[in-house]
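Descriptive structure summary
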Amino acid sequence: MPDTTRDALTFDDDKGAWRSTAFAVLLAVAVFGWMMSGFIAPSGAEGETAARQEIAPVSVAVRRSQAEAVTQYFQAEGQALPDRDSALRAETTGDVAEVFVEKGENVKRGAPIARIAVNRAEADLARATEDLARAREDLADVQALFERGVATADRVSQLQAALDAAESQVIAEQDAVDNAMILAPFDGRIEMLDLDPGEFVSAGAEIGRIVDNTPLTVSIQVPQQSLNTIKDGQPANVAFITGEVREGVVSFVGTSAAAETRTFLTEIEVPNDEGDIPAGISAEISIPTGEVVAHFLSPSIVSLDTDGRLGVKTVDADNIVVFYPIDVVSAQIDGVWVTGLPETVNIVTVGQGFVSEGEVVSPQAEEPQS
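Residues numbered from 1 in each chain as written. Predicted model: local features only at pLDDT ≥ 70, side-chain atom pairs only at ≥ 80, totals over all residues. Heavy atoms only, no water.

**Some thoughts on the sheet that holds strand 5 (residues 112-116)**
To keep it simple, the criterion reads: Strands pair, by our definition, only if DSSP identifies at least two bridges between them. Elements are defined by DSSP. Helices are runs of H or I of four residues or more, strands are runs of E of two residues or more, and each kind is numbered from the N terminus.
Read across the sheet, 4 strands follow the order 6-5-3-8 without closing on themselves; strand pairing throughout is antiparallel. The outermost strands of the open sheet, each flanked by one partner alone, are strand 6 (181-183) and strand 8 (200-201). As paired strands, strand 5 and strand 6 are joined by 3 bridges and run antiparallel to one another. Bridging from a neighbouring strand, Ala-114 pairs with Ile-182 of strand 6.

What follows is the structure in structure tokens.
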């Protein structure tokens, strides 16, 4: 008969079972910690705010600027004109007998330019002189007869009129002889001379041109908004296109605007004693019109605000960025003079593109350029 008695079951310990238990405990602790983190740590938005508050202000370079008195100028382009420019004309009809000067020659007032042959004029003068003598004799004879009662008063009047006409004719013929000499009307330079000996000319014909460049007159056009800043007697700096620079004086300011441009003709007289500056060339004119207190800035630090206004960013005593609109009063190669800023101000020179008005910054003094 088989043995039905069963042995009791026994289990040996699993050496790896404790690892599973430890992992489960650690996982439970991690989940509990994550759930409790909402009570211990701040929310996401509050964390970001705190992070931002911990960020240091933007560093910018600033330069302390002091306003200075600056002379303002009215500037324009003009053209040099001669003081006098006149045509030379023949005053009598005839053949050219002599030409005394050449084109380009400087002459004095009254100097002979050319002489017209006066053979015909002299013959006419001789004939007129004979007629005058005859008229005087006839009048004397008639007056003697009138005194004896033979001639009438009307006859005396007729011969007196004839005598007056003969005298006028003599004067005219004498002028024709005298005008045979063409003379320079003023000191100047013969700019053009179209005349040759033997050439026939008529009275009134233009035979040349004389120009006086001492002094020169530079004409400019002044816009109506600048008219009240230009006065007679103001000094003016004139830079000619040839490189010559001269000091001039405003000699004329127009009072009637050109209908097409609404500008006023203004003239500047420029000394030119040697006549070395030619007429007709271009010139740049600069006329001082007053002084204004302004700051000198580099164009690189000028910017626009949200409204499109031109200005610069500055830093006040509380290290806050302040934007000031500006007006440019003068421009130079290396910078501009502007108004609109306080007399003394700290101007942002580096980093102005990274800060906005009202922002707190960390200003650092600009390093001097070597």
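Okay, back to it.
**Observations regarding the side chain of Asn-272**
Let me state the cut-off plainly: Only protein chains enter the calculation, and the probe is 1.4 Å; a residue is then buried if its accessible area is under 20% of its type maximum, exposed if over 50%, and partly exposed in between. Every residue pair with non-hydrogen atoms within 4.5 Å of one another is taken to be in contact.
Along the chain, Asn-272 turns up in the loop between strand 12 (263-270) and strand 13 (282-297). Looking at Asn-272, the relative accessible area reads 0%, which means it is buried. Leave out the neighbours within four places in its chain, and Asn-272 touches Asn-213, Thr-214, Pro-215, Leu-216, Arg-246 and Ile-277.

**Remarks on the layout of surface pockets**
Applied cut-off: Using a 1 Å grid laid over the protein atoms alone, points where a 1.4 Å probe fits but cannot get out form a cavity; open sets with protein on both sides within 12 Å along at least 5 of 7 lines form a pocket; any residue with an atom within 4 Å of a point counts as lining. Grid points are joined across faces, edges and corners, and a volume is the space filled by probe spheres set on the points. All amino acids are sorted into three groups, where Ala, Val, Leu, Ile, Met, Phe, Trp, Tyr, Cys and Pro are nonpolar, Asp, Glu, Lys and Arg are charged, and the leftover types, Gly among them, are polar.
In this model, the largest pocket occupies a volume close to 430 Å³. Forming the boundary of the largest pocket are 19 residues, of which Asn-106, Gly-188, Arg-189, Val-211 and Asn-213 lie nearest the centre. Of all the elements in the fold, those that place two or more residues in the lining of the largest pocket are strand 4 (106-107), strand 7 (188-193) and strand 9 (206-223). The dominant element in the lining of the largest pocket, judged by the number of residues it contributes, is strand 9, at 5 residues. Per-class residue counts for the lining of the largest pocket are 6 nonpolar, 5 polar and 8 charged. Each pocket or cavity is described by its volume, and for the second largest pocket that value is around 230 Å³. Taken together, Val-70, Thr-71, Gln-72, Tyr-73, Gln-75, Ser-286, Val-329, Ser-330, Ala-331, Gln-332 and Trp-337 make up the lining of the second largest pocket. Among the secondary structure elements, those contributing two or more residues to the lining of the second largest pocket are strand 2 (68-89) and strand 17 (327-332). Residue contributions to the lining of the second largest pocket peak at 5 residues, all from strand 2. Among the residues forming the lining of the second largest pocket, the class breakdown is 5 nonpolar, 6 polar and no charged.

**Let's talk about the pairing of strand 11 (residues 245-253)**
Sheet topology places strand 10 (residues 235-240) next to strand 11; 5 bridges connect them, and they run antiparallel. Of the residues in strand 11, the one forming a bridge with Pro-235 is Val-249. Hairpin connection of strand 10 to strand 11: 4 residues between the antiparallel strands, including Gly-243 at a positive phi of 105 degrees. Bridge count between strand 11 and strand 12: 4 bridges; the pairing is antiparallel. Bridging across to strand 12, Phe-252 finds its partner in Glu-267.

**Brief notes about the pattern of salt bridges**
A side chain with one charge can pair with a side chain of the opposite charge if their charged atoms come near. Note the cut-off: Definition used for salt bridges: Asp or Glu carboxyl oxygen within 4 Å of a side-chain nitrogen of Lys or Arg.
Scanning all chains against the criterion turns up 12 salt bridges. Between Arg-89 and Glu-206 there is a salt bridge, with its nearest N and O atoms 3.8 Å apart. Here the residue Arg-89 occupies a position in strand 2, and Glu-206 occupies one in strand 9, the gap between them amounting to 117 residues. The salt bridge partner of Asp-276 is Arg-246, with a shortest N-O separation of 3.3 Å. Of the two residues, Asp-276 sits in the loop between strand 12 and strand 13 while Arg-246 sits in strand 11, which places them 30 residues apart along the sequence. Judged by relative accessible area, which is 45%, Asp-276 ranks as partly exposed.

**Some points on the packing of aromatic side chains**
Filter applied, for reference: For Phe, Tyr and Trp, rings pair up if their centres lie within 6.5 Å, where Trp contributes its six-membered ring, and each pair is then called stacked (planes under 30 degrees apart), edge-to-face (over 60) or tilted (otherwise).
Under the definition given, this model contains 1 aromatic pair. Between Phe-296 and Trp-337, the ring centres sit 5.0 Å apart and the planes meet at 55 degrees, which makes this aromatic pair tilted. Of the two residues, Phe-296 is situated in strand 13 and Trp-337 in strand 18 (residues 335-339); the sequence distance between them amounts to 41 residues.

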